[in-house]
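# Residue-level structural notes
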Amino acid sequence: MVQATGRALAAARQSSVEQLFAFVTSAIRDAANRHQVLDRLERETGIRPQFLSGQDEARLTYLAVRSRYGWSAGRLLVVDIGGGSMEIMLGRDAEPELAVSLPLGAGLLTREFLPDDPPTGEQISALRKHIRDTLREVVDRIRWEGEPARAIGTSKTFKQLARLAGAPPQRKGPFVRRALSAKDFGDWVPRLAAKCAAKRSKLRGVSRARARQVLAGALVVKATMKALNTTSVEICPWALREGIMLHYLQTKLDHIRELPLQPVRPGEIGGSPREEPSRSS
């Protein structure tokens, strides 16, 4: 992590970046040694990243997706799967009606439930049960809110699974529609489970760095879509990173663009409205 932070700082200096915002999410936030990690980062790189809570992650990701799809998109159900947590958001306005963060990140679940490579059937069964039990905490609330107009998936996990299921590659550009249906990728779950990480990394769309955790991510996606009665999700290229940038721009503009609005008090205005002369037929 120190090396990655150092490379990011070097790239920022080379590009003459004036402001750099450094954040840590659940992978560090929930770690038992988080303070030692941040102390070392500060000591060796000179910066100390800020914490982002699960609620903040959810709200910022929702902001990015809502901005991407626009106000006419209706109520959105947004699911984002990271390394340490999964965020679920539901809303139709600038702020989500519901925003929750669950400990269902692909990296976390891989470490805790899938130690073998490839994992055993017992390990996969235990993980499936854990995912169902954790989702049960929020599924009833989400269903009670009503059917969303659109279901949106963000994060590398959704992008990788969509690519496996046949979605266009990244080189086709960000404006090509990409989606992931339960029918299209359902067969991939047992295929991923039967392969070791080295063989998964040779599949289309699966990077070597995420090959180990893509199975856990697929299990979370499948269980979540089933629990929420969602047969397909659209893949949004914007997520937490874009939400942070949009939030900064909004707060910056709100601060510097103070409009000199002056209210009008009707009771202090003399005279009466001019009446149009009546026309005789």
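Below, the structure is looked at part by part. Along every chain, residues carry numbers that run from 1 in the direction the sequence is written. The predicted origin of the model limits local features to residues at a pLDDT of at least 70 and limits the giving and counting of side-chain atom pairs to 80 or more, whereas totals for whole chains, interfaces and linings rest on all residues. Water and hydrogen atoms play no part in the side-chain values, which are based on all heavy atoms of the structure.

## Side note on the overall build of the protein
Strands are runs of DSSP state E lasting at least 2 residues, helices are runs of H or I lasting at least 4, and numbering of each runs from the N terminus. Looking only at helices and strands, the protein has 12 helices and eight strands in total. Each radius of gyration reported is based on C-alpha atoms, and the globular scaling rule is 2.2 Å times the count of residues to the power 0.38. Against the 2.2 N^0.38 benchmark of 19 Å for 281 residues, the protein shows a C-alpha radius of gyration of 24 Å, more extended than a compact globule. For the C-alpha atoms alone, the extent of the protein along its principal axes is close to 90 × 55 × 40 Å. Using a 1.4 Å probe on the protein chains alone, a residue whose accessible area is under 20% of its type maximum counts as buried, one over 50% counts as exposed, and one in between counts as partly exposed. For the protein, the residues scored as buried account for 42% of the 281 residues in total.

## Observations concerning a positive patch on the surface
The grouping of R128, R132, K222 and K226 at the surface amounts to a positive patch. Elements that contribute at least two residues to the positive patch include exactly helix 6 (121–144) and helix 11 (214–227). Among the secondary structure elements, R128 is positioned in helix 6. Owing to a relative accessible area of 34%, R128 belongs among the partly exposed residues under this scheme. Residues forming no salt bridge and having over 30% relative accessible area are the ones grouped into patches, like charges within 9 Å of each other and nonpolar side chains (Val, Leu, Ile, Met, Phe, Trp, Tyr) within 5 Å. Areas reported as accessible are Shrake-Rupley estimates using a 1.4 Å probe. Residue values count occlusion only from the protein chains shown. Any Lys or Arg side-chain nitrogen located within 4 Å of an Asp or Glu carboxyl oxygen qualifies as a salt bridge. In this charge count, Lys and Arg are treated as positive and Asp and Glu as negative; neither His nor the chain ends contribute. For the purpose of locating charges, the reference atoms are NZ of Lys, CZ of Arg, CG of Asp and CD of Glu.

## Topic: the sheet that holds strand 6 (residues 150–154)
A pair of strands is considered paired only if DSSP assigns at least 2 bridges between the two. Taken in spatial order, the six strands make up an open sheet running 5-4-3-6-8-7, and their pairing is mixed. Looking at which strands have only one partner, the edges of the open sheet turn out to be strand 5 (98–102) and strand 7 (179–181). Strand-to-strand, the axes of this sheet are offset by a mean angle of 20°, without reference to chain direction. Both strand 3 (residues 76–81) and strand 6 contribute to a ladder of five bridges, which runs parallel. The residue bridging D80 from the neighbouring strand is T154, located in strand 6. The sheet contacts of helix 4 (residues 54–69) involve strand 3, strand 4 (86–91), strand 5, strand 6 and strand 8 (232–235), and relative to strand 4 the element is tilted by about 50°. Lines are fitted to the C-alpha atoms to define the axes, a helix being fitted only along its stretch in contact, and any angle between axes, read from their N-to-C directions, falls within 0 to 180 degrees. In this analysis, two residues are considered to be in contact whenever any of their non-hydrogen atoms come within 4.5 Å of each other.

## Considerations on the side chain of E145
Mapping E145 onto the fold places it in the loop between helix 6 and strand 6. We classify E145 as buried; its relative accessible area is 15%. Within the local environment of E145, its side chain forms a polar contact with the side chain of R141, the two groups lying 2.9 Å apart. In this structure, E145 is in contact with R75, L90 and E97, ignoring residues within four places of it in sequence. Each polar contact in these results corresponds to two N or O atoms within 3.5 Å; when the atoms are within protein, one needs to be able to donate a hydrogen and the other to accept it, and residues that are neighboring in sequence are counted only if both atoms are side-chain atoms.

## Quick notes on the pattern of salt bridges
In this structure the tally under the stated criterion is 13 salt bridges. Note that R75 and E97 form a salt bridge whose closest N and O atoms lie 3.4 Å from each other. Pair noted here: R75 is in the loop between helix 4 and strand 3 and E97 is in the loop between strand 4 and strand 5, with a separation of 22 residues, a long-range link. Judged by relative accessible area, which is 13%, R75 ranks as buried. Residue classification places E97 among the partly exposed residues on the basis of a relative accessible area of 31%. Here the residues in one salt-bridge network are R29, D30 and E57, joined through shared partners.

## Observations regarding the nonpolar core
Put simply, buried Ala, Val, Leu, Ile, Met, Phe, Trp, Tyr and Cys residues joined by side-chain atoms within 4.5 Å make one nonpolar core. M86, I88, I131, L135, L161 and L180 are the most contacted members of the largest nonpolar core, which totals 49 residues. With 10 residues, helix 11 is the largest single contributor of residues to this core. Counting 11 residues, the second-largest nonpolar core is a separate cluster that includes V65, Y69, V78 and C236.

## Here we look at unusual backbone geometry
Residue D117 is joined to P118 through a cis peptide bond whose omega torsion reads 5°. Examined against the element boundaries, P118 turns out to sit in the loop between helix 5 (106–113) and helix 6. Phi angles above zero are rare outside glycine, and S155 is one such case at about 95°. By secondary structure assignment, the location of S155 is in the loop between strand 6 and helix 7 (156–164). A residue is classified by how much of its surface remains accessible, and S155, at 12% relative accessible area, is buried. In this structure, N229 takes a positive phi of about 55° despite not being glycine. Within the fold, N229 resides in the loop between helix 11 and strand 8.

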